[in-house]
Amino acid sequence: MSTNAIIMMVLILTFFWGGFLAFIIKLQKISKNQ
Amino acid sequence: MENDEKRGYSSQLALAMSLIAGSVGTGNIWRFPRVAATNGGGTFIVVWTIMMIIVCLPIMLGEHVIGRTSRHGTPGAFRDFIGKKYTWLGSVVATIMAMVAAYYSAVVAWVAYYLGLSLTKGYYNVDKVEMFESVSNGNIITVLLFVLVLAISAYISYTGVKGIEKANKIFLPVLLICLVIAAIRAITLPGASVGLNYLFEFDPKELLNYKIWLEGLTQAIWSAGPGWGLVITLAVFSRAKSDVNLTTTIQVFGDASVSLIAGLAVIPTIFALAPTFEAALEVTQSGNNGLTFISMTQLFETMPGGYIISLAFFLSLLFAALSSNIAHFMIVSLPFVDSGLAKKKAVIRVALILLIWGLPSAWNATFLSNQDWVAGQMMLVGALFSCYAIYKFGAKKVREKFLNNPYTGFKIGKWWEFAIKIISPLVVLVMLLWWSFQSIGWEANWWNPLGISNLGTFLAQGALIILVNIIFNDKIADSVKHKYFDGEEFPPIPDNEFSD
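This is a predicted model, so every value here is computed, not measured.

Caption draft 1: The overall build of chain A, seen in detail. On a plain count of helices and strands, chain A comes out with one helix and zero strands. Reported as C-alpha extents along the three principal axes, the dimensions of chain A are approximately 45 × 10 × 5 Å. Here chain A, with 34 residues, has 35% of them falling under the buried criterion. Carbon and sulfur atoms make up 71% of the accessible area of chain A, which amounts to about 2,100 Å² in all.

Now the structure itself:
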């Protein structure tokens, strides 16, 4: 697999999956405080 | 059950998961991978990401506010948000979704059929093209499965928010686990790296290719769900203090995340198992049905462990499609409940309408293609309606009062106002025109209203839907009585917001 493709794959997966999980954690924290 | 529904979703996470389940459908699993692979791989993914953030997210945030503040299905939502004379915008959206729910139930039936064939190895050692032709045309089992799919969607829709929550607790994890299993198997196949390169390699020069931008936008809109009435309808049952910004953003990110896993499951499999690189390219260009029901089944038959992977693939596809179908059903049935009809009667009425509307699609794949084409275009019109509603109400007011409410976890900046007023409608309009012009070259008589996928049939059916809804505008507007969450609106729309 090319370096270009690896970097792109890691970046895009981190962005969406990382964002998705981070937002869920944030939502759960807010829910607890309400 | 009625009391349960009045309390809405059991948690904010349940709302977010319901939104994701509604968004994630077959488009994530059979369309995203092949469109990404054939339109520049990594470059396409960058463009698609931008479109998800600057076009889909702003519209869906706006739609969440429309549903939350009005507490009505789409006709009542538009009526209460921007005035009685605009009720038809919402009823057009509901009509489009009836069209979608009707033919999509047939698609779910195909997937269920293929899950059965995977289980019994029914498509092994047979001509895959002939097999698909026989499943999708004049097949009584497909019709029976179509009826079963409608019945399941109707039942879960009848059980309301709580039923949907329960269903999604099964559908989403199974969908994700199956896709992850298929993806792990795919990327560990010898030769999978060729497919991964093809899917992710980024070429900045390709950013100048306008076609990649249009394909990226198309995929983003047809997958995430702006303009479908999905967010408006599901937001009706959201709790007063639930976070509009966070739940909608989670929906968009969740939808995209599932698409990426599907890409990892499908593309490396194709490139690892196709006899040549050219053959793999041919598979990716074979269209949604060709890829899923013809090419993938061929690969499953020959690949080591293909039996298990085919079950995982079709099960994930089935659950993705079914959860979307339930949401479609809800979008269509809620306006009937709003009109004061008992929920049971409303669900039965919608089921009968969809049965009659969907039977031709279940029996004939060409009819289904026609409905798919018209509905796809009309969804773009629906997205424009949402943009207009926000513009009419006042984007600044929406952002300051409803999006950035005291309970939100993060604030939306002024960029949203610019996006919803200028970027989103402009880009959606360009996409609508591009597909319309493209369609002129697809069939000999592009003007023929009885064509399959041409401009004439889109304009004729679209105009008919709009005309009928405009004629019955006042009648529909006056029929909207029932309201969810009486006394728990947040924040209520002031009376003086109505234009008429």
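Having put the structure on the table, let's press on.
Caption draft 2: Region of the structure containing the nonpolar core. All names here are of chain B. With 188 residues, the main nonpolar core has Trp48, Phe200, Ile270 and Phe314 as its most contacted residues. Considering every element that reaches this core, the biggest residue donor is helix α6 (residues 87–120), with 23 residues. Here Ile270 is in contact with Ala280, Val283, Thr284, Leu291, Met296 and Leu299, once residues within four sequence places are set aside.

Caption draft 3: Spatial organisation of unusual backbone geometry. Residues and elements named next belong to chain B. With phi around 55°, Arg71 is a residue other than glycine that occupies positive phi space. Here Arg71 is to be found in the loop between α4 (42–70) and α5 (74–82). Residue class for Arg71 comes out buried when judged on its relative accessible area of 0%. Even without being glycine, Lys121 reaches a positive phi, approximately 55°. Looking at the element boundaries, Lys121 is found in the loop between α6 and α7 (128–136).

Caption draft 4: Seen up close, the side chain of Ser118 of chain B. Locating Ser118 of chain B in the fold gives a position in helix α6. Given the relative accessible area of 0%, Ser118 of chain B is considered buried.

Caption draft 5: Structural detail: the environment of Ser10 of chain B. All names here are of chain B. Mapped onto the secondary structure, Ser10 falls in the loop between α1 (2–7) and α2 (12–23). Counting along the chain gives 155 residues from Ser10 to Glu165, while the straight-line C-alpha distance between them is 8.3 Å. Reaching out from Ser10, the side chain makes a polar contact with the side chain of Glu165 at a distance of 2.7 Å.

Caption draft 6: Region of interest: the confidence of the model for chain B. Residues and elements named next belong to chain B. Summarising the model, chain B shows a mean pLDDT of 90, and 95% of its residues fall at 70 or more. Note on residues 492–500: pLDDT under 50 across the span, and 18 contacts to partners over four residues away in sequence or across chains. Scored by ipTM, the complex comes to 0.97, with pTM at 0.92.

Caption draft 7: A nonpolar patch on the surface, seen in detail. Side chains of Leu464, Leu467, Val468, Ile471 and Phe472 of chain B sit close together on the surface and give an oily, nonpolar patch of about 490 Å² of accessible area. Take Leu467 of chain B: it is sitting in helix α21 (residues 455–471).

Caption draft 8: Here's a closer look at the environment of Phe336 of chain B. Residues and elements named next belong to chain B. Along the chain, Phe336 falls in helix α16 (residues 306–338). Considered as a pair, Phe336 and Ala346 are ten residues apart in the sequence and their alpha carbons are 5.5 Å apart. Phe336 has contacts with Leu341, Ala346, Arg349, Val350 and Ile353, leaving out every residue within four places of it along the chain.

Caption draft 9: Highlighting the interface of chain A and chain B. On the side of chain B, 34 residues touch chain A, which itself brings 21 residues to the contact. For the pair chain A and chain B, the summed buried area comes to about 2,500 Å², and 79% of that belongs to carbon and sulfur atoms. Per-residue buried area on chain A facing chain B is highest for Phe16, Phe23 and Leu27 of chain A; these three make up 26% of the total on that side. Linking chain A with chain B are zero salt bridges, by the criterion used here. Inspection of the chain A/chain B interface yields seven residue pairs in polar contact (both at pLDDT 80 or more). Class assignment of the residues belonging to the side of chain A that touches chain B gives a composition of 14 nonpolar, six polar and one charged.

Caption draft 10: The pattern of salt bridges, seen in detail. Residue and element names in this part refer to chain B. Within the structure shown, the criterion is met by six salt bridges over all chains. For Arg79, the salt bridge is made with Asp80, and the minimal N-O distance between the two is 2.9 Å. The class for Arg79 is buried, based on a relative accessible area of 18%. The salt bridge involving Asp478 is made with Lys84; its shortest N-O contact spans 3.1 Å. Taken together, the residues Asp478 in helix α22 (residues 473–479) and Lys84 in the loop between α5 and α6 connect sequence positions 394 residues apart. Residue Lys84 is classed as partly exposed on the basis of its relative accessible area, which comes to 32%.

Caption draft 11: Main features of the side chain of Gln461 of chain B. With respect to the helices, strands and loops of the structure, Gln461 of chain B is situated in helix α21. Separated by 2.9 Å, the side chains of Gln461 of chain B and Thr457 of chain B make a polar contact.

Caption draft 12: Structural view of the packing of aromatic side chains. Taken as a whole and assessed by the stated rule, the structure comprises 35 aromatic pairs over all chains. Between Phe15 of chain A and Phe16 of chain A the ring centres are 4.9 Å apart and the planes differ by 75°, which places this aromatic pair in the edge-to-face class. By relative accessible area, which is 36% here, Phe15 of chain A ends up partly exposed. Here the aromatic rings of Trp373 of chain B and Trp442 of chain B are separated by 5.0 Å at their centres, their planes lie at 70°, and the arrangement is edge-to-face. Taken together, the residues Trp373 of chain B in helix α18 (residues 365–393) and Trp442 of chain B in the loop between α20 (415–440) and α21 connect sequence positions 69 residues apart. Using a relative accessible area of 8% as the deciding quantity, one classes Trp373 of chain B as buried.

Caption draft 13: Quick look at helix α13 (residues 244–273) of chain B. Residues and elements named next belong to chain B. With 30 residues, α13 extends 44 Å between its outermost C-alpha atoms, agreeing within 8% with the 44 Å of an ideal straight helix rising 1.5 Å per residue. Extensive coverage of α13 is indicated by the burial of 29 of its 30 residues. Where α13 starts, the residue carrying a side-chain oxygen 3.0 Å from the main-chain nitrogen of Asn245 turns out to be Asp243.

Caption draft 14: Quick look at α20 of chain B. Along its 26 residues, α20 of chain B runs 36 Å from first to last C-alpha, staying within 8% of the 38 Å computed at 1.5 Å per residue. Largest kink in α20 of chain B: about 35°, centred on Ile423 of chain B, with the proline Pro425 of chain B one to four residues after it.

Caption draft 15: Examining the packing of helix α1 (residues 3–33) of chain A against helix α10 (residues 192–200) of chain B more closely. Where α1 of chain A contacts α10 of chain B, the axes come no closer than 9 Å and their chain directions differ by 65°. The angle between α1 of chain A and α10 of chain B falls in the class roughly perpendicular. With respect to the hand of their crossing, α1 of chain A and α10 of chain B are arranged in left-handed fashion. Across the interface between the two elements, Asn4, Ala5, Met8, Met9 and Ile12 of chain A of α1 of chain A pack against Leu196, Asn197 and Phe200 of chain B of α10 of chain B. Per-class residue counts for the contact of α1 of chain A with α10 of chain B are six nonpolar, two polar and no charged.

Quick notes on the rules
- Residues numbered from 1 in each chain as written.
- Chains lettered and ligands numbered in written order.
- Predicted model: local features only at pLDDT ≥ 70, side-chain atom pairs only at ≥ 80, totals over all residues.
- Heavy atoms only, no water.
- Helix = DSSP H or I, 4+ residues; strand = E, 2+ residues; numbered from the N terminus.
- Buried < 20%, exposed > 50% of the residue type's maximum accessible area, 1.4 Å probe, protein only.
- Areas by Shrake-Rupley, 256 points an atom, 1.4 Å probe, with all protein chains shown as cover.
- Core = buried A, V, L, I, M, F, W, Y, C linked by side-chain atoms within 4.5 Å.
- Contact = heavy atoms within 4.5 Å.
- Polar contact = N/O pair within 3.5 Å; in protein donor to acceptor, adjacent residues only side chain to side chain.
- pLDDT = per-residue confidence, 0-100.
- Patch = residues over 30% accessible without salt bridge, like charges linked within 9 Å, V, L, I, M, F, W, Y side chains within 5 Å.
- Salt bridge = Lys/Arg side-chain N within 4 Å of Asp/Glu carboxyl O.
- Buried area = accessible area lost by both parts, 1.4 Å probe.
- Nonpolar A, V, L, I, M, F, W, Y, C, P; charged D, E, K, R; others polar.
- Phe/Tyr/Trp six-rings, centres within 6.5 Å; stacked < 30°, edge-to-face > 60°.
- Expected span 1.5 Å × (residues − 1).
- Bend = angle between axes of the 7 residues up to and from the residue.
- Axes fitted to C-alpha atoms, helices over the stretch in contact; angles between N-to-C directions.
- Parallel < 35°, antiparallel > 145°, perpendicular 65-115°, else oblique.
- Left-handed = near helix turned anticlockwise from the far one by under 90°.

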